[in-house]
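# Inside the fold
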Amino acid sequence: MNSREKSMVSILKIFAIVSLFALTIFANENQRIIDELASPMPEIPLKKAMGEKLYNDAINSGEYSYVGNSKCRLCHRNFFIGRKNDPHDHAMESLIPSKNEKNSHCLTCHSTGHRMPSGFVDMETTPRLSNVQCEGCHGPGNVHIALAQDKDKNKNKVFLGGGFLAGAGSLQVLKDICASCHTKRWNKSYHDFNKAYNSYKKADPNNAGN
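Computed from a prediction, not measured in an experiment: that's the story for all the values here.

### A closer look at the state of the cysteines
Scanning the entire structure with this criterion turns up one disulfide. Of all cysteine sulfurs, the one in Cys 134 lies closest to Cys 72, which takes part in no disulfide; the gap is 4.0 Å. What makes Cys 72 buried here is its relative accessible area of 14%.

### Some points on the pattern of salt bridges
Opposite charge on two side chains allows them to pair when their charged atoms are near. According to the stated counting rule, one finds three salt bridges in the structure shown. For the salt bridge of Asp 89 with Lys 84, the shortest nitrogen-to-oxygen distance reads 3.6 Å. Residue Asp 89 is classed as buried on the basis of its relative accessible area of 12%. Assessed through its relative accessible area of 39%, Lys 84 is described here as partly exposed.

### A few points about the confidence of the model for the protein
Averaged over all residues, the pLDDT of the protein equals 83, while 78% of them reach at least 70. Here residues 20-26 is modelled with pLDDT under 50, and outside its nearest four sequence neighbours on either side it reaches zero contacts, counting other chains as well.

### Quick look at the nonpolar core
If you look at the biggest cluster of nonpolar residues, it comprises 22 residues, and the most contacted ones within it are Leu 46, Tyr 55 and Met 116. Listing elements by their share of this core, those giving two or more residues are α2 (45-50), α3 (52-60), α6 (104-110) and α10 (171-181). By residue number, the principal contributor to this core is α10, which donates four residues.

Thresholds applied
- Residues numbered from 1 in each chain as written.
- Predicted model: local features only at pLDDT ≥ 70, side-chain atom pairs only at ≥ 80, totals over all residues.
- Heavy atoms only, no water.
- Disulfide = S-S within 2.5 Å.
- Buried < 20%, exposed > 50% of the residue type's maximum accessible area, 1.4 Å probe, protein only.
- Salt bridge = Lys/Arg side-chain N within 4 Å of Asp/Glu carboxyl O.
- pLDDT = per-residue confidence, 0-100.
- Contact = heavy atoms within 4.5 Å.
- Core = buried A, V, L, I, M, F, W, Y, C linked by side-chain atoms within 4.5 Å.
- Helix = DSSP H or I, 4+ residues; strand = E, 2+ residues; numbered from the N terminus.

Dropping the structure here:
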C-alpha cells in the first residue's frame with residue numbers, strides 16, 4: 001500500500017469515527033426529546049419558584065399581564081440590546097430542527113409566559129413574547145411599568161424597580177426560576193450557577209468587559 005492509499009484509509013477512518021460520534025449525539029438528543037414528550041407537562045417555572053399558593057393568588061387576581069420586551073427597552077435600552085447576543089433571545093430557534101416549536105412541553109422554557117394568562121401562545125398569535133425575554137424570569141411586567149411611569153413616585157424615590165413577581169428583592173425566586181429550566185436532562189445545568197447568575201447583572205452577559 002503506497003502513501004496515497006494509506007492517507008485515504010486514514011481519512012476514511014477519521015470520517016467513520018466522526019460520523020459514528022455524530023450519530024451517537026443525534027440518538028441521545030432524540031431520546032431526550034422522546035423522554036420529554038412522554039413525561040408529565042413541566043410545571044410553569046414562575047409557579048414552581050413562587051410556590052403554588054402565592055402564584056395562584058397573584059395570577060388569579062387579574063392584576064398581572066405580559067407586555068413584551070419592546071416595552072422594557074424604553075428604560076433599559078442597554079439591556080435590551082445586550083440580550084440580542086444572549087442565547088435566551090434565540091430560544092425558539094433551537095426548537096425548529098426537531099419541529100417542536102408548537103409543543104407546550106418545550107415552549108414552557110423556550111418562550112415567555114407560555115401556559116399563563118396573557119403569555120406566549122404561538123408565533124402566529126403572540127410573536128412579541130417568543131424566546132425567553134425579561135419577563136420570562138421576572139414574570140408579567142405591566143405593574144412594574146405602571147410604577148415606572150408614575151412621576152410622583154419616581155420623584156419621591158418610592159419606586160425602587162418593584163412590581164415584579166420575581167424582582168430584585170426576590171433573589172431565591174429568581175434563582176429557582178433559572179433552575180426550573182436549566183436541568184440535567186438537556187445538559188443545561190450549571191457548572192457554576194452563581195457565576196452565571198451574576199453575569200446577568202450586566203447589560204450583555206456574554207461580554208465580561210461590559
